[in-house]
There are 2 protein chains.
Amino acid sequence: MSKTLIRAMILPMTGPDDFFPEGEIAIEEDRIVSVGPKGSAPADFGSERVIDLPDDVVMPGLINTHTHAAMTMLRSYADDLPLMPWLEEKVWPFEAKLSGEDIYWGTLLALAEMIQSGTTTMLDMYADMDRVGDAVLEAGTRAVLSRGMIGNAPNGEKAFQESIELVERYHGAGEGRIQVMFGPHAPYTCSGEYMQRVKKEADRLGVGIHIHLAETQDEINIIKQQVGKTPVQWLKELGIFGGHVVAAHCVHLTEEDMDILAQNKVCVAHNPESNMKLNSGTAPVPELRAKGVVVGLGTDGASSNNNLDLFGEMRSAALQQKLKKDSTTLPAYEVLEMATVGGAQTLGLKDVGQLVPGYKADLISINFDQPHFYPRFSIPAHLVYVAHAGDVRTVMVDGKLIMEERKLLTLDVKKICQEVETRAKRIAAEFAD
Amino acid sequence: MSKTLIRAMILPMTGPDDFFPEGEIAIEEDRIVSVGPKGSAPADFGSERVIDLPDDVVMPGLINTHTHAAMTMLRSYADDLPLMPWLEEKVWPFEAKLSGEDIYWGTLLALAEMIQSGTTTMLDMYADMDRVGDAVLEAGTRAVLSRGMIGNAPNGEKAFQESIELVERYHGAGEGRIQVMFGPHAPYTCSGEYMQRVKKEADRLGVGIHIHLAETQDEINIIKQQVGKTPVQWLKELGIFGGHVVAAHCVHLTEEDMDILAQNKVCVAHNPESNMKLNSGTAPVPELRAKGVVVGLGTDGASSNNNLDLFGEMRSAALQQKLKKDSTTLPAYEVLEMATVGGAQTLGLKDVGQLVPGYKADLISINFDQPHFYPRFSIPAHLVYVAHAGDVRTVMVDGKLIMEERKLLTLDVKKICQEVETRAKRIAAEFAD
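Residues numbered from 1 in each chain as written. Chains lettered and ligands numbered in written order. Predicted model: local features only at pLDDT ≥ 70, side-chain atom pairs only at ≥ 80, totals over all residues. Heavy atoms only, no water.

**Q** Explanation requested: the domain arrangement of chain A in the structure shown.
**A** Residues and elements named next belong to chain A. For chain A, the assigned domains read domain 1 (3–61 + 354–408) and domain 2 (62–347). For the pair domain 1 and domain 2, the summed buried area comes to about 2500 Å², and 67% of that belongs to carbon and sulfur atoms. If you sort the residues of domain 1 by the area they bury against domain 2, Met 13, Val 384 and Tyr 385 come out on top, with a joint share of 25%. In this assembly, domain 1 and domain 2 are joined by two salt bridges. Run the count over domain 1 and domain 2 and you get eight residue pairs in polar contact (both at pLDDT 80 or more). Put simply, the parts of the chain that give the side of domain 1 that touches domain 2 at least two residues each are β4 (49–60), β13 (363–367), α14 (379–386), β14 (392–397) and β15 (400–404). Among the elements that line the side of domain 1 that touches domain 2, the one with the most residues is α14, at six residues. Residue composition of the side of domain 1 that touches domain 2, grouped by class: 22 nonpolar, five polar and four charged. (Domains from an automatic or database assignment. Buried area = accessible area lost by both parts, 1.4 Å probe. Salt bridge = Lys/Arg side-chain N within 4 Å of Asp/Glu carboxyl O. Polar contact = N/O pair within 3.5 Å; in protein donor to acceptor, adjacent residues only side chain to side chain. Helix = DSSP H or I, 4+ residues; strand = E, 2+ residues; numbered from the N terminus. Nonpolar A, V, L, I, M, F, W, Y, C, P; charged D, E, K, R; others polar.)

Given below as structure tokens:
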């Protein structure tokens, strides 16, 4: 399968007018050779396999810029509660019982769901990240991994060491499919000194930083009380910005905060459904984009969403902004950009997020031969306002097919579902006494 | 197929604690005989067909309490525009060109999509409603039809007469699957005198009224200027309330408005995604429910949504309210109630919306044997926060299967999609000159 030709409708995400209603993509090994109308592949390409998908739209694989994959273990375990009881009485006690094996299986479940909903790359933050890395290698997806570090927790130092080991062992693994970032949890869970140590070590190892930032009004209040600044100002003063930084959420920002993020090229991972479900607020996404800040889309963990479906996230991103501002805000194509090319930029990945020659062949096909995709007036509007996870038919990562006709080719779905069901219920039962 | 037994997980929607993990529903002709755990069917039931769905959740078919089905013809034709140019330059000119045949095919497409996303009943408002009725009879779904009447339009009188004819010809058609209501469009498009004539005629014929109400701040301002009241106060003064009234949207309400709706048993059709996409606002759903107002869920037309998927609508309803108030607002089971039993009450249908003996067998099955439905901690949370349209496997209306394994049994999907594509593109082309 080293030379593949895909024939389909193609949305390369290289510009709002770029679309090939009868298109063709030539792929050799892990990379795209050509993208264009039918007959545009090099004359001497000599494809070994032709994949005909005339009723599908092929586009870049979606990129989830902020998640905690293994939290699928807690999916629908606790919902509709006030934030603090939800965390203190439900989420944290459950998480404290998760073993490395639980995290491995929970991540496999997350990856199965992500692949089936068209996500080919995730930026993950959790514990036991070596087991997360193993799951990613097995699934065949792409990922950027960060060991979450709560500096103020008893295991803050251990997490710091594990972050260094994670870089040494997984940065560049799977022929480069896995990258690593440092994951200091948030300004309110890490001291300034701790974050500066993290930044120094990240710089030494040449990796970026993934952090929760300005997620809730409570966080703003806490940091204001502690240091008299906004969380963004505080990170700037500590010298955390300047390199590659992904800030998740960024719901509560001042004008000055947004300027700081723009000037320091901080990328923002926007999580609309989590922000709505937890009553965090509406992030100033159009304002950030207007200032030149790169924004990607994320699902956050499955316990605050409760799925890992970026199609739903795209629709919610658009609707949430239109509700807040006006109906013209965040048009469909811009939302698609956030989920693809913006996601790649957010994660610092130079050769995914668009379908162009030389880029990695990370792509998905969406089955448009269904009632809800007719009439076909606008492919971007259909993808953002109409499509759902179940419409994804084909998924390819690094030139390898990992889903065909919705069947996962790398994972044993039945086994994964059963393992997670057994493990999650066993943990929950320990609290039922 | 006069005696059918369905074995599945069953969520009858009779109360938050009612769930049969290994359940059984006995159905004779069009009605439910029994619902309960395995073995609960009458000993002498003698089923002629057994449908085994051990990994599916069976629940009442979803009820769409406000839509304009044929507007699928305009799906993704115009989006992300300011409201008035969108209506005046795009939607209205397009609609003016729709023939009865176009509306017939557009409605068939809508019904195909609705069935595939688990909706068994709709309350529709549009023109050429006899053709809509024909489509419903063909599809085998249930519907309440209302001929939209814009009193101030040149065809206001014609629409009034067509409404009367619609009652005479379609009220009770399809063994009662079709009911009819009167559809005066809105307080700002019908004079007080016109609405009073409508009410009088509706009373004479014994049918209810379906109206848009308090959808936008503009509407509030217009009515205030015209009559010095809120739209709700105005309708009350005109004597429109008192019988069966479905008020769509109800986004902008005063405390007094809500009391009026409650006292007059006006039912509200809530359309969260349309309200967000068009920047209409967030309807006070928890407040209305607290006052005892029955609230159902609707999709509105496909041009302002752009799908007819009530699973998405359930999630958006919950998320929109949580964003506005707090994370405990509108818990999952309450959302399910709005989409089922609340929908039935809204439409004045006495024997659908729940799975109980004696009710019509309108039900759907959702395939829970998929990664995103594990672990199975909460069926209601999974249905509201996780499920999407593509998860619906089986649909039955009036005791007849109309979808199995996602295959539509009553409609020729390919033909419908092609007809709509041709017709919609032909109309759009007339504006391209």
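Now that the structure is up, let's keep going.
**Q** So what exactly am I meant to see when it comes to the environment of A:Gln161 here?
**A** All names here are of chain A. Its place among the elements puts Gln 161 in helix α4 (residues 156–170). Residue Gln 161 is classed as partly exposed on the basis of its relative accessible area, which comes to 39%. For the pair formed by Gln 161 and Glu 89, sequence separation is 72 residues and the distance between their alpha carbons is 29 Å. (Buried < 20%, exposed > 50% of the residue type's maximum accessible area, 1.4 Å probe, protein only.)

**Q** Got a minute to help me understand the interface of chain B and chain A in this structure?
**A** As a measure of interface size, the accessible area lost when the parts come together is often cited. Taken together, the contact pairs 63 residues of chain B with 63 residues of chain A. The junction of chain B with chain A conceals about 5000 Å² of combined surface from both sides, 62% of it contributed by carbon and sulfur atoms. The interface formed by chain B and chain A contains four salt bridges. In this structure, B:Asp369 engages A:Lys414 in a salt bridge whose closest nitrogen and oxygen atoms are separated by 3.0 Å. Counting every contact that joins chain B to chain A gives 33 residue pairs in polar contact (both at pLDDT 80 or more). Only α1 (83–96), α2 (100–116), α9 (272–277), α11 (310–324), α14 (379–386) and α15 (413–431) of chain B provide two or more residues apiece to the side of chain B that touches chain A. (Contact = heavy atoms within 4.5 Å.)

**Q** I keep staring at the relation of the copies chain B and chain A and nothing clicks. Help me out?
**A** Put simply, the two copies of the chain differ by a rotation about an axis and a shift along that axis. Mapping chain B onto chain A leaves a residual RMSD of 0.0 Å; the transformation is a rotation of 180 degrees accompanied by 0.0 Å of translation along its axis. What the superposition gives is, in effect, a two-fold axis relating one chain to the other. Relative to the rotation axis, the closest C-alpha in chain B is found at B:Gly390, a distance of 2.5 Å. A symmetric contact is evident, with 100% of the interface residues of chain B recurring at the interface of chain A. (Least-squares fit on C-alpha atoms with pLDDT ≥ 70 in both.)

**Q** Just to check I follow, could you spell out the state of the cysteines for this structure?
**A** The term disulfide refers to a covalent linkage connecting the sulfur atoms of a pair of cysteines. Across all of its chains, the model carries zero disulfides over all chains by this definition. Take A:Cys267: it sits in no disulfide, and the sulfur closest to it among the cysteines is that of A:Cys250, at 10 Å. (Disulfide = S-S within 2.5 Å.)

**Q** Explain the side chain of B:Thr120 here, please?
**A** Inspection of the secondary structure puts B:Thr120 in strand β6 (residues 119–126). Once residues lying within four places of it in the same chain are set aside, the contact partners of B:Thr120 are B:Gly61, B:Leu62, B:Thr141, B:Arg142, B:Asp362, B:Ile364, B:Val395, B:Met396 and B:Val397.

**Q** I would appreciate a short explanation of the pattern of salt bridges in the present structure.
**A** If charged atoms from side chains of opposite charge come close, those side chains can pair. Residues and elements named next belong to chain A. Going through the model one piece at a time under the given rule, you end up with 64 salt bridges over all chains. Here Glu 24 ties to Arg 7 by a salt bridge, and the two come within 3.4 Å at their closest N and O atoms. In this pair, Glu 24 is assigned in strand β2 (residues 20–28) and Arg 7 in strand β1 (residues 3–10), connecting sequence segments 17 residues apart. Glu 24 sits in the buried class, given a relative accessible area of 4%. Residue Glu 404 pairs with Arg 49 through a salt bridge whose shortest N-O separation is 2.6 Å.

**Q** Whenever I open this one, the sheet that holds strand β4 (residues 49–60) of chain B confuses me. Can you help?
**A** Paired through backbone hydrogen bonds, the strands of a sheet run either parallel or antiparallel to each other. Here eight strands make up an open sheet; going across it, the order is β3-β2-β1-β4-β13-β14-β15-β16 (chain B) and the pairing mixed. The sheet is open, and its two borders are formed by β3 (31–37) and β16 (407–408) of chain B, each paired with just one other strand. (Pairing = 2+ DSSP bridges.)

**Q** What is the right way to read the pairing of β1(A) from this model?
**A** Residue and element names in this part refer to chain A. Counting buried positions along β1 gives six out of eight residues, so the element sits mostly inside the fold. When β1 meets β4, the two strands line up parallel, connected through seven bridges. Bridging from a neighbouring strand, Ile 6 pairs with Ile 51 of β4.

**Q** Would you take a moment to explain the packing of helix α11 (residues 310–324) of chain A against α11(B) for this structure?
**A** Angle between the axes and distance between the axes: these two values describe a pair of packed helices. Two elements in contact, α11(A) and α11(B), have axes whose closest approach is 12 Å; the angle formed by their N-to-C orientations is 45 degrees. Taken together, the axis directions place α11(A) and α11(B) in an arrangement best described as oblique. Crossing handedness for the pair α11(A) and α11(B): right-handed. Contact residues: A:Ser316, A:Leu319, A:Gln320 and A:Leu323 in α11(A); B:Ser316, B:Leu319, B:Gln320 and B:Leu323 in α11(B). Within the contact of α11(A) with α11(B), the residues separate by chemical class into four nonpolar, four polar and no charged. (Axes fitted to C-alpha atoms, helices over the stretch in contact; angles between N-to-C directions. Parallel < 35°, antiparallel > 145°, perpendicular 65-115°, else oblique. Left-handed = near helix turned anticlockwise from the far one by under 90°.)

**Q** Any chance you could explain the confidence of the model for chain A here in plain terms?
**A** Fine structural detail should not be taken from predicted coordinates in areas where pLDDT scores are low. Confidence in the prediction of chain A, expressed as mean pLDDT, is 97, and 100% of residues score 70 or more. For this predicted complex, the interface confidence score (ipTM) comes to 0.97, while the overall pTM stands at 0.98. (pLDDT = per-residue confidence, 0-100.)

**Q** Hey, could you run me through the packing of aromatic side chains in this one?
**A** Aromatic rings in a pair are described by how distant their centres are and how their planes are angled relative to each other. Per the stated rule, a full pass over the model turns up 14 aromatic pairs over all chains. Between B:Phe368 and B:Phe373, the aromatic rings sit 4.0 Å apart at their centres with planes inclined by 5 degrees, giving stacked as the arrangement. In terms of burial, B:Phe368 and B:Phe373 fall into one category: buried. Counting every residue linked through ring pairs, the aromatic cluster contains A:Tyr77, A:Phe94 and B:Phe377. B:Arg197 extends its terminal NZ or CZ atom over the ring of B:Phe160, reaching a point 4.5 Å from the ring centre. (Phe/Tyr/Trp six-rings, centres within 6.5 Å; stacked < 30°, edge-to-face > 60°. Lys NZ or Arg CZ within 6 Å of the ring centre and 35° of its normal.)

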